[in-house]
Amino acid sequence: MGSTAPPDQGNLAILTKVDKLRELIGSKVALPQLVVVGDQSSGKSSVLEGLTGFGFPRDAELCTRYATQITCRRETEKSISVSIIPSDEASSHDLERIKNFHCTLKEMTPESLARVFKEANKAMGIRASTTSTSSESLPAFSEHILKIEKLGPKEEHFTVIDVPGIFRKETEGVTTGDDIELVRNMVQKYMKDSRTIILAIMPSNVDPATQEILKLAKEADRNMTRTMAVLTKPDLAIERTQQRIVMNLVEGNRSDLTLGYYIVKNRGPDDVDKTLEQGQADETKFFSQPEWTNVRRLGKAGIAALKSRVRGLLTDLIKKEFPKLKAEIAKELLSLRAQRDKMGPSRSTQDTQRAYLNKMSEEFQTIARDAVNAYYTGNEIFDTNYDLRLITRIVEAHEKYADSMWKTGHTRPFADDSKSEADESIPGTPSNESEFSDLDFCPELDEILDPVDLIIPETSGPEDIMKYIGEVYRASRGQELGTFNPAMVSTMFKEQTKKWKPITLSYMNNVIRTVHRFIVKVIGEVCPDSRVRDELWNGFILEELQKSYREAMKEAKFLLALESNSTPLTLNHYFNSNLQKAQSERLVSAIEKVGNERGLRNHYGTQESGLILTKEKLETLSLNMGNSEYNQSYIHDILKSYYKVSQKKFVDVVCQRAVQYHLLQSEQGPLKIFSTQMVLGLNEEQLDMIAAEDSPVKIRREKLGRDIEYFEKALKVLKGST
Ligand code: GDP
Ligand code: MG
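The structure displayed is predicted, hence computed values, not measured ones.

Rules and cut-offs
- Residues numbered from 1 in each chain as written.
- Chains lettered and ligands numbered in written order.
- Predicted model: local features only at pLDDT ≥ 70, side-chain atom pairs only at ≥ 80, totals over all residues.
- Heavy atoms only, no water.
- Helix = DSSP H or I, 4+ residues; strand = E, 2+ residues; numbered from the N terminus.
- Contact = heavy atoms within 4.5 Å.
- Areas by Shrake-Rupley, 256 points an atom, 1.4 Å probe, with all protein chains shown as cover.
- Buried < 20%, exposed > 50% of the residue type's maximum accessible area, 1.4 Å probe, protein only.
- Pairing = 2+ DSSP bridges.
- Axes fitted to C-alpha atoms, helices over the stretch in contact; angles between N-to-C directions.
- Near = heavy atom within 4 Å.
- Polar contact = N/O pair within 3.5 Å; in protein donor to acceptor, adjacent residues only side chain to side chain.
- Nonpolar A, V, L, I, M, F, W, Y, C, P; charged D, E, K, R; others polar.
- 1 Å grid on protein atoms, 1.4 Å probe; cavity = no way out; pocket = protein on both sides within 12 Å on 5 of 7 lines; lining within 4 Å.
- Points joined across faces, edges and corners; volume = space filled by probe spheres on them.
- Expected span 1.5 Å × (residues − 1).
- Arc of directions from axis to C-beta.
- Salt bridge = Lys/Arg side-chain N within 4 Å of Asp/Glu carboxyl O.
- Phe/Tyr/Trp six-rings, centres within 6.5 Å; stacked < 30°, edge-to-face > 60°.
- Lys NZ or Arg CZ within 6 Å of the ring centre and 35° of its normal.

Let's talk about the overall build of the protein
Inference 1: Summing up its helical and strand segments, the protein has 23 helices and 11 strands in all.
Inference 2: When contacts within the protein are restricted to residue pairs at least 6 apart in sequence, those whose partners lie at least 24 apart make up 78%.
Inference 3: When the accessible surface of the protein is summed, it comes to about 37,400 Å², and 52% of that surface belongs to carbon and sulfur atoms.

Given below as structure tokens:
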């Protein structure tokens with residue numbers, strides 16, 4: 001059963017290493033350890049004393065009110081040193097007091113120990129005594145750890161933690177319901193970690209089945225593989241049945257614990273005058289009674305057997321966990337260093353503050369440049385964050401916009417487009433506005449766009465374009481012969497393009513939001529300190545951004561006005577070729593109307609379809625259409641040819657100037673605002689306001705520095721170089 005021999009040199013080295021680690025990073029990394037848990041007065045401190053030889057002063061306090069870590073180590077000089085390991089939540093004020101507390105005793109007398117414990121209570125900031133009245137408003141329990149090191153030439157290496165006992169009843173003026181909760185949480189916290197061996201202490205004179213501590217242990221240790229039960233007070237289990245139950249458990253019948261049950265007999269309240277050695281002699285005598293023969297033979301009775309078993313368990317656990325521990329510590333160290341790097345160097349002077357902001361702006365510029373050039377392999381933030389692939393998002397928006405303009409930009413479909421553009425939406429129905437209304441909540445952008453500008457205007461006049469042209473024609477014709485008033489084309493073009501404004505401005509709004517979202521995210525990325533970020537954002541960046549967005553919007557509105565308010569103008573030869581094409585199509589269809597279709601034999605001898613036209617028929621051709629009718633179709637063809645040419649030009653120019661130039665490329669554009677120039681332009685006062693460190697940051701930096709130092713030392717310990 002377990003290793004009964006004292007640990008050899010190899011084990012000793014490894015145990016020493018774990019102790020050093022505990023010192024350095026014990027509160028941050030779960031280390032293999034032994035904790036003693038149980039109800040109040042179940043005998044925890046007595047078992048602890050048996051295991052370590054360290055006895056708590058009996059008259060000082062009856063119950064433990066904080067976790068106590070007892071470490072025994074072999075040293076030539078005999079001494080006991082007591083200090084406090086502060087909890088992670090300790091305030092800096094408490095920290096100071098706690099660090100100042102340190103006692104070393106050469107000789108251990110009950111009086112000197114009692115004095116040390118009183119001092120420790122004071123340093124921890126808890127009540128001097130649980131029995132004192134509640135007029136003292138100090139708490140009864142503490143989350144700090146009392147650390148006791150017991151050194152001496154005969155000590156064997158051993159570390160164990162004693163936690164306050166669980167209790168269920170509050171005591172008027174001494175403990176409260178909150179205390180019950182606090183202690184239970186503390187116990188659970190200590191049991192939780194998979195590298196902890198739990199010693200659950202239970203008195204033999206109480207039915208073990210009713211013991212809450214095993215239930216708690218089971219919550220922390222599902223399969224009960226690292227929990228060992230230790231039964232105490234066998235001398236108080238006088239009834240035969242009770243003794244039988246206890247013996248059965250120890251013998252391992254119906255045992256639910258992998259590590260089994262052990263049994264020890266400590267000194268009782270009447271043995272106050274006996275030394276630990278006398279107590280252990282009593283224990284040996286007690287278990288040599290015939291009824292304990294079986295249990296004794298199993299090696300599960302007595303403190304010596306228990307001690308050798310737990311020491312073996314602990315050593316095995318440490319050996320098993322060592323490689324994992326090394327990896328864990330190395331990983332944590334990397335993460336801590338990364339956090340420190342992200343914080344940058346300390347910023348107490350103007351130069352360091354400027355350098356800090358400069359580094360951020362350069363990082364921002366690099367990411368922005370990569371995002372505009374679609375160089376997404378440049379930084380890994382593009383992998384996880386799709387919104388940051390800026391140019392891809394913008395090209396998508398361009399395409400949507402061009403498509404929307406093509407399909408729904410006109411007020412009325414042209415007369416002969418119904419076949420070729422069957423998928424055009426019906427005029428008058430609003431264009432697919434939701435495509436561009438990806439408006440996440442961004443109140444700071446509200447003023448960029450007037451929602452009125454997004455309303456799709458209603459069609460005035462007849463839906464059919466020929467009827468509409470006829471109406472305008474009749475309302476404004478003069479005495480023109482074979483020609484028409486050119487102002488009419490302007491009027492009709494304006495009417496035909498009045499949906500361009502809502503579509504274009506909605507697209508602009510969408511693109512601006514895409515750029516804005518990009519900037520917000522990247523600044524969040526390059527500036528992790530939220531205080532600095534807020535100062536920078538609200539004090540300097542946001543206003544400039546709004547200005548540049550307004551500039552882009554202004555450009556789009558200018559282009560809109562230019563296109564629909566001035567006299568139609570194009571030098572594009574497609575206008576003429578479109579017009580001629582439309583005219584000749586019209587001629588062909590007129591000829592088709594008067595001609596007789598029939599099959600003709602061509603000179604290859606095969607059939608072709610063709611038209612037969614007689615001279616008389618041909619002469620009726622022009623007579624079929626009156627002057628005004630002819631003019632109206634001619635106007636239609638001009639309008640259509642001009643519309644198509646100018647729509648394509650308009651879309652191109654909006655994308656190129658309002659978006660590409662004003663939003664992405666311009667030196668005054670939103671992407672260029674957070675730049676080295678901006679940082680250089682900040683005066684001393686502004687710099688200090690943005691980049692000076694506030695005290696939480698200073699504290700965090702100091703803590704990180706300390707943690708890194710400890711983890712570095714811990715890694716050295718693990719690698720055996722100290
Ligand atoms: P803790 O509150 O769990 O730390 O329990 P203690 O170790 O302080 O013990 C509480 C009381 O039980 C003390 O008076 C001890 O002397 C007594 N006690 C502990 N173990 C035994 C035992 O095995 N037999 C007897 N008779 N009394 C014991
Ligand atoms: Mg105790």
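Concerning unusual backbone geometry
Inference 1: A positive phi angle, near 70°, is found at S41, a position not held by glycine.
Inference 2: With respect to the helices and strands, the residue S41 is situated in the loop between β1 (33–38) and α2 (44–52).
Inference 3: Judged by its relative accessible area of 61%, S41 falls in the exposed class.
Inference 4: Phi at K233 takes a positive value of approximately 55°, unusual for a residue other than glycine.
Inference 5: Here K233 is to be found in the loop between β8 (227–232) and α7 (240–251).
Inference 6: Assessed through its relative accessible area of 27%, K233 is described here as partly exposed.

Topic: the sheet that holds strand β6 (residues 158–162)
Inference 1: Taken in spatial order, the 9 strands of this open sheet run β4-β3-β5-β2-β6-β1-β7-β8-β9, and their pairing is mixed. The open sheet has two edge strands with one neighbour each: β4 (102–105) and β9 (261–263). For this sheet, the mean inter-axis angle between neighbouring strands, taken without regard to orientation, is 20°.
Inference 2: Note that strand β2 (residues 67–74) and β6 share 5 bridges and pair antiparallel. In the strand pairing of β6, C72 is matched with F158.
Inference 3: In the packing of helix α6 (residues 212–220) onto the sheet, contacts are made with β1, β7 (196–203), β8 and β9, and the angle to β7 comes to roughly 165°.

Considering the site of ligand 1
Inference 1: Not every one of the 16 residues close to ligand 1 is listed here, only the nearest: S41, K44, S46, D235 and N266.
Inference 2: Between ligand 1 and S45, the relevant distance is 2.9 Å, taken from an oxygen atom to a main-chain nitrogen or oxygen of the residue.
Inference 3: N266 is positioned with one of its backbone polar atoms (N or O) 2.8 Å from an oxygen atom of ligand 1.
Inference 4: Out of a free accessible area of 570 Å², ligand 1 has 86% covered by protein chains.
Inference 5: Taken together, the residues that form the shell around ligand 1 break down as 2 nonpolar, 8 polar and 6 charged.

A word on empty space enclosed by the protein
Inference 1: Inspection of the entire model under this criterion finds 4 cavities of 30 Å³ or more.
Inference 2: Of the pockets and cavities examined, the largest cavity occupies roughly 110 Å³.
Inference 3: Lining of the largest cavity is provided by 12 residues; of these, S46, K265, N266, R267 and L276 occupy positions nearest its centre.
Inference 4: Elements with a contribution of two residues or more to the lining of the largest cavity: α2 and α8 (276–287).
Inference 5: A per-element tally of the lining of the largest cavity places α8 first, with 4 residues.
Inference 6: A per-class count over the lining of the largest cavity returns 2 nonpolar, 5 polar and 5 charged.
Inference 7: Here the second largest cavity is characterised by a volume of approximately 80 Å³.
Inference 8: Put simply, the parts of the chain that give the lining of the second largest cavity at least two residues each are α1 (9–25), β6 and α10 (303–343).
Inference 9: When residues of the lining of the second largest cavity are assigned to their parent elements, the largest contribution, 4 residues, is made by α1.
Inference 10: Considered class by class, the residues forming the lining of the second largest cavity number 6 nonpolar, 2 polar and 3 charged.

Structural notes on α7
Inference 1: The end-to-end C-alpha distance of α7 is 16 Å, a good match for the 16 Å that 12 residues give at a rise of 1.5 Å each.
Inference 2: For α7, every residue scored as buried is listed here: Q242, Q243, V246, M247, L249 and V250. On an axial view of α7, the arc spanned by its buried residues comes to 160°, and they lie on one face. Opposite its buried face, α7 presents the exposed residues R240 and T241, each directed more than 90 degrees away.
Inference 3: On its buried side, α7 packs onto β8, β9 and α9 (293–297).
Inference 4: Remark: G252 follows α7 within two positions and exhibits a positive phi of approximately 90°.

A look at the pattern of salt bridges
Inference 1: The tally for this structure, following the rule as stated, stands at 42 salt bridges.
Inference 2: K274 is the salt-bridge partner of D282, the closest N and O atoms lying 2.7 Å from each other.
Inference 3: Linking R337 and E712 is a salt bridge whose minimum nitrogen-to-oxygen distance equals 2.9 Å. Of this pair, R337 sits in helix α10 while E712 sits in helix α23 (residues 695–719), and the two are 375 residues apart along the sequence.
Inference 4: Classification of R337 as partly exposed rests on a relative accessible area of 30%.
Inference 5: Overall, E712 belongs to the partly exposed group, its relative accessible area being 31%.
Inference 6: Here the salt bridges do not stand alone but share partners, grouping R195, K320, E321, K324 and E328 into one network.

Digging into the layout of surface pockets
Inference 1: Its volume calculated, the largest pocket comes out at about 1,500 Å³.
Inference 2: Within the residue set of the lining of the largest pocket, elements represented by two or more residues are α1, β3 (79–85), α3 (92–100), β5 (145–152), α5 (177–192) and α23.
Inference 3: Here the lining of the largest pocket gets 6 residues from one element, more than from any other, and that element is α23.
Inference 4: Its residues placed into classes, the lining of the largest pocket shows 17 nonpolar, 11 polar and 16 charged.

Some remarks on the environment of I523
Inference 1: For I523, the location among the structural elements is in helix α16 (residues 500–526).
Inference 2: Accessibility expressed as a relative area gives 2% for I523, which makes it buried.
Inference 3: Residues I523 and F364, 159 residues apart in the sequence, show an inter-C-alpha distance of 6.8 Å.
Inference 4: Among all residues touching I523, those that are not within four sequence positions of it are F364, R533, W537, I541 and F674.

Some thoughts on the packing of aromatic side chains
Inference 1: Summed over all chains, the structure comprises 13 aromatic pairs.
Inference 2: Ring geometry for F286 versus W292: centroids 5.7 Å apart, planes at 45°, classification tilted. Taken as a pair, F286 and W292 share a single burial class, namely buried.
Inference 3: Relative to W292, the ring of F287 has its centre 5.4 Å away and its plane inclined at 90°; by these criteria the two rings are edge-to-face.
Inference 4: By relative accessible area, which is 3% here, F287 ends up buried.
Inference 5: Residue class for W292 comes out buried when judged on its relative accessible area of 1%.
Inference 6: The ring of Y468 has R412 lying over it, and the distance from NZ or CZ to the ring centre is 3.9 Å.

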